[in-house]
Amino acid sequence: MDFPSLSEPVTAAMIGALATVAGALVQLRMSWRREMKERERGQPITKKTRRGPVIVVFALLIAAAVGGFALSQYFVSLREGDRDSLRADLQSKLSEINATAMRLEQARTNEREQIETGTRRAEAQRLGEEGATASVVVGPCPQVVPGARLECTEQSAVRVAVCARVPAGATVREVQVYVRAEDSKQPWQDSRVQPGQDAGQARFADKFSERPDGDAKQVCQRFANWSGEKPRIARILVKYAP
């Protein structure tokens, strides 16, 4: 352990106490030797002679008090130095703990963000593989003359746009088209047709189109129906990459 340097008042007090003790011990020895010589010669001991050792003892007490005070101040300075050193160590440890806690919190935040990003990406990819769907019920070819049904042609067909909504940044990979009668129980996978091909007095356009829709976009496929029998359902399935 490193001892702190003594302050000037404490140093002066300790030096003064040591000098007083040394002087008092010398005076006490001299007085004791003088008294012994006087007793050997048979001379009477005066009050002044008797008072000498008392003064010396009193001086020793004062010196002891001063020395004790100086020593106590020295120990206090040691304790204060230890306390300051301990406080500095604790402050350093607390700073290290806070820094470590902040790094751990940042790491947890980054990890959580990575997990959430990965989850959103996986969810978006799953939705893209499943695809977005849309369907429209298209009525039969309208009657041109009341009470008589004229033959409909593709030029006079009912035309609609079937649109599915996908994310704005999505890349369309494929648009599958389906058509069946409104009251048909046929599964959709069996009702798939090819764009641009005649599907029994009905036809989807060759190509799809895209148009913005707020924070998303719509993928649309044009459909024409010139059948005069029953309404039909036109359906599209848009598969995309997020």
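Please read all numbers here as calculations on a predicted model, not as lab measurements.

Time to look at the overall build of the protein chain. In terms of regular secondary structure, the protein chain is built from two helices and eight strands. Counting from the amino terminus, helix and strand elements in the protein chain follow one another as α-α-β-β-β-β-β-β-β-β. In the protein chain, buried positions account for 24% of the 242 residues. When contacts within the protein chain are restricted to residue pairs at least 6 apart in sequence, those whose partners lie at least 24 apart make up 71%. In the form shown here, the protein chain has an accessible surface area of approximately 16,800 Å², with 56% of it arising from carbon and sulfur atoms.

For the rest of this paragraph, the subject is the packing of aromatic side chains. One pass over the full model with this rule turns up two aromatic pairs. With 6.1 Å between their ring centres and 75° between their planes, Tyr 178 and Trp 188 make a pair best called edge-to-face. Linking Tyr 178 in strand β3 (residues 171–181) with Trp 188 in the loop between β3 and β4 (192–193), this pair joins segments that are ten residues apart in sequence. Taking relative accessible area as the criterion, Tyr 178 reaches 6% and is therefore assigned buried. Consider the rings of Phe 204 and Phe 223, whose centres lie 4.8 Å apart with planes at 50°: the pair is tilted. With Phe 204 in strand β5 (residues 202–204) and Phe 223 in strand β7 (residues 216–225), the pair connects residues that are 19 residues apart, well separated along the chain.

In this section: the sheet that holds β4. Pairing within the open sheet is antiparallel, and its four strands lie in the order β1-β8-β3-β4. If you trace the sheet from one side to the other, it starts and ends with β1 (132–138) and β4, each paired once. One ladder, built from two bridges, connects β3 with β4; its direction is antiparallel. Its bridge partner lying in β4, Tyr 178 is registered against Arg 192.

Another aspect to go through is the side chain of Asn 225. Summarising the element assignment, Asn 225 is placed in strand β7. Take Asn 225: its relative accessible area is 0%, and that puts it in the buried class. In this structure the side chain of Asn 225 is engaged in a polar contact, spanning 3.0 Å, whose partner is the backbone oxygen of Gly 139. Reaching out from Asn 225, the side chain makes a polar contact with the backbone nitrogen of Ser 227 at a distance of 3.3 Å.

In this section: the pattern of salt bridges. Opposite charge on two side chains permits them to pair, given that their charged atoms come into close proximity. Evaluation of the coordinates by the stated rule reveals nine salt bridges. One salt bridge in this structure joins Glu 123 and Arg 126, with 2.4 Å as the shortest N-O distance. Placement of the pair is Glu 123 and Arg 126 together in helix α2 (residues 47–130), with a separation of three residues, close to one helical turn. With a shortest N-O distance of 2.8 Å, Arg 165 and Asp 213 are connected by a salt bridge. Of this pair, Arg 165 sits in strand β2 (residues 158–167) while Asp 213 sits in strand β6 (residues 209–213); the two residues are 48 residues apart in sequence, bridging distant segments of the chain.

Next up on the list: the state of the cysteines. Applying the stated criterion across every chain, the model contains one disulfide. One disulfide bridge connects Cys 163 with Cys 220, the sulfur atoms lying 1.9 Å from each other. Handedness here is read from the sign of the S-S torsion; for Cys 163 and Cys 220, about 110°, the answer is right-handed. On the criterion of sequence distance, the pair formed by Cys 163 in strand β2 and Cys 220 in strand β7 is long-range, its members being 57 residues apart. Take Cys 163: its relative accessible area is 22%, and that puts it in the partly exposed class.

Calculation notes
- Residues numbered from 1 in each chain as written.
- Predicted model: local features only at pLDDT ≥ 70, side-chain atom pairs only at ≥ 80, totals over all residues.
- Heavy atoms only, no water.
- Helix = DSSP H or I, 4+ residues; strand = E, 2+ residues; numbered from the N terminus.
- Buried < 20%, exposed > 50% of the residue type's maximum accessible area, 1.4 Å probe, protein only.
- Contact = heavy atoms within 4.5 Å.
- Areas by Shrake-Rupley, 256 points an atom, 1.4 Å probe, with all protein chains shown as cover.
- Phe/Tyr/Trp six-rings, centres within 6.5 Å; stacked < 30°, edge-to-face > 60°.
- Pairing = 2+ DSSP bridges.
- Polar contact = N/O pair within 3.5 Å; in protein donor to acceptor, adjacent residues only side chain to side chain.
- Salt bridge = Lys/Arg side-chain N within 4 Å of Asp/Glu carboxyl O.
- Disulfide = S-S within 2.5 Å.

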